[in-house]
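Chain by chain, the residues run as shown.
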Amino acid sequence: MRAGLRALTSRGRSFLASGIAALFMAVILGENDLFRIGVLVTALPLLAAMVVARTRYRLSCARRLDPPRAEVGGEATVTLRLENVTRLPTGLLLIEDTVPYALGVRPRFVLDRVEPRGVREIDYRVRSDLRGRYTIGPLAIRIADPFGLVELTRSFTISDTLVVTPHVAALPHVRLSGEWTGGGDSRTRSVAAAGDDDVAPREYRQGDDLRRVHWRSTARYGELMVRREEQQWQSRGALLLDTRRHAHRGEGPRSSFEVAVSAAASIGVHLAREGLGLRLVTDQGAEHLTDDGLSYSLLDTLAVIRHSPARSLEMGVSALRQGGGDGLIVAVLGALDPEEARELARLRHSGITGVAVLLDVGTWESGGGPAAAENQQAVETVLAGYGWRIVRLPAGTSIASVWQGAASRDRYTVDRTGGAA
């Protein structure tokens with residue numbers, strides 16, 4: 001009863017106060033009719049509170065996100081499934097799901113009645129223009145009486161996570177010589193092609209195709225052997241992302257930092273789909289990526305990456321140097337000076353392809369000035385002198401429109417109007 005009284009709405013409190021006032025005035029004035037009205041008005045919210053407080057609905061809740069990962073600006077559908085697991089019908093239910101502010105307003109629904117063993121499914125959409133990992137839930141249910149005098153809130157404990165990933169642009173295929181020279185060739189290499197006597201057999205494993213059984217080796221070793229005609233080699237590459245706060249300009253989704261994150265995501269997904277074993281490095285050091293579902297792991301990491309207070313790329317360059325075995329290094333860089341560019345450029349040597357995606361941060365601020373342009377030119381000269389391929393990315397330009405420049409050993413730039421030069 002105490003919980004029910006605490007759950008009185010403004011209407012319920014008004015009824016209770018009006019009823020008590022009517023009873024008080026009826027006693028003073030000796031009005032029996034007013035006394036009866038006062039009893040009725042006072043008893044109504046008290047009875048509603050008693051009924052709602054004693055309500056024992058047993059509901060089960062499940063939530064489904066489709067898709068569980070959404071790009072910036074994309075939509076995801078949230079499906080709520082409520083089931084009444086008791087033999088009694090429910091009354092009026094007010095449902096509110098907990099949604100972060102970045103995903104929009106909290107969705108609210110009204111269910112008039114759920115029959116015994118009945119199921120209700122409710123859909124709503126969420127959308128975010130900001131990257132991140134967002135918790136949706138728990139679901140809150142408000143049980144109310146038909147007159148709206150009492151509302152009692154009960155919550156479930158389950159919640160789900162929606163990952164809003166950076167925008168991924170489809171990049172054209174570019175041949176990066178050296179891309180497949182780091183840890184091997186991701187393409188399938190033939191081990192035995194000269195004939196039946198030259199095959200490299202191995203023991204049979206569960207799931208092997210019986211058509212690959214090599215009977216001569218089986219007779220020789222006394223156990224079932226299969227032809228090992230193909231061997232997979234995994235190439236390795238590194239993706240460096242400059243997250244230093246002072247190296248970027250602008251705020252919000254159109255800032256140079258967000259463009260850099262989107263470019264890194266696009267390049268990483270593109271290379272992963274082409275079979276490159278990729279590791280992610282920032283100016284803070286190496287980031288951990290799981291082996292399974294490389295693209296998903298990369299996108300999940302980039303979804304929550306933030307600015308760093310670092311002033312140099314020293315830790316990132318050191319992490320690239322310690323990793324070793326990379327046939328390809330792609331660096332997505334903000335503003336840097338020629339000395340920092342020289343330290344990075346020295347990582348490239350024979351057998352390694354280096355691609356530098358340079359954000360022309362001067363185009364993100366009005367009047368970048370000739371000094372910024374001269375510094376950008378000096379950085380490009382240093383990197384190109386060490387054999388790096390240069391791709392300039394100004395404001396308002398998509399990485400997909402300039403990625404072809406990564407195929408050329410010559411300098412490739414884009415003028416400030418967005419045209420290729």
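As shown above, the structure is provided for reference.
Residues numbered from 1 in each chain as written. Predicted model: local features only at pLDDT ≥ 70, side-chain atom pairs only at ≥ 80, totals over all residues. Heavy atoms only, no water.

Undergrad: Which residues make up the layout of surface pockets, and what values do they have?
TA: Of the voids in this model, the largest pocket is the one considered here, and its volume is about 670 Å³. Counting residues per element, the lining of the largest pocket draws most heavily on helix α5 (residues 256-273), which supplies six residues. Of the residues assigned to the lining of the largest pocket, the class counts are 12 nonpolar, 10 polar and six charged. (1 Å grid on protein atoms, 1.4 Å probe; cavity = no way out; pocket = protein on both sides within 12 Å on 5 of 7 lines; lining within 4 Å. Points joined across faces, edges and corners; volume = space filled by probe spheres on them. Helix = DSSP H or I, 4+ residues; strand = E, 2+ residues; numbered from the N terminus. Nonpolar A, V, L, I, M, F, W, Y, C, P; charged D, E, K, R; others polar.)

Undergrad: Can you lay out the sheet that holds strand β15 (residues 235-241) for me, pointing to particular residues and giving the numbers?
TA: Taken in spatial order, the six strands of this open sheet run β17-β16-β15-β18-β19-β20, and their pairing is mixed. The open sheet has two edge strands, β17 (285-287) and β20 (389-393), and neither has a second partner. Taking the axes of each pair of neighbouring strands and ignoring which way they run, one obtains an average angle of 25° across the sheet. As paired strands, strand β16 (residues 276-282) and β17 are joined by three bridges and run antiparallel to one another. The residue bridging Val 281 from the neighbouring strand is Ala 286, located in β17. Contacting β15, β16, β17 and β18 (328-333), helix α7 (residues 314-323) crosses the sheet at an angle of about 150° to β16. (Pairing = 2+ DSSP bridges. Axes fitted to C-alpha atoms, helices over the stretch in contact; angles between N-to-C directions. Contact = heavy atoms within 4.5 Å.)

Undergrad: A description of the packing of helix α2 (residues 10-29) against helix α3 (residues 32-53) should follow, citing residues and the corresponding values.
TA: Look at α2 against α3: their axes get within 7 Å of each other, and the N-to-C directions meet at 155°. With respect to α3, the element α2 is oriented roughly antiparallel. In this structure, α2 meets α3 at a crossing whose hand is left-handed. Residue-level contacts link Gly 12, Phe 15, Leu 16, Ser 18, Gly 19, Ile 20, Ala 22, Leu 23, Met 25 and Ala 26 of α2 to Leu 34, Phe 35, Gly 38, Val 39, Val 41, Thr 42, Leu 44, Pro 45 and Leu 46 of α3. For the contact of α2 with α3, the per-class residue count stands at 14 nonpolar, five polar and no charged. (Parallel < 35°, antiparallel > 145°, perpendicular 65-115°, else oblique. Left-handed = near helix turned anticlockwise from the far one by under 90°.)

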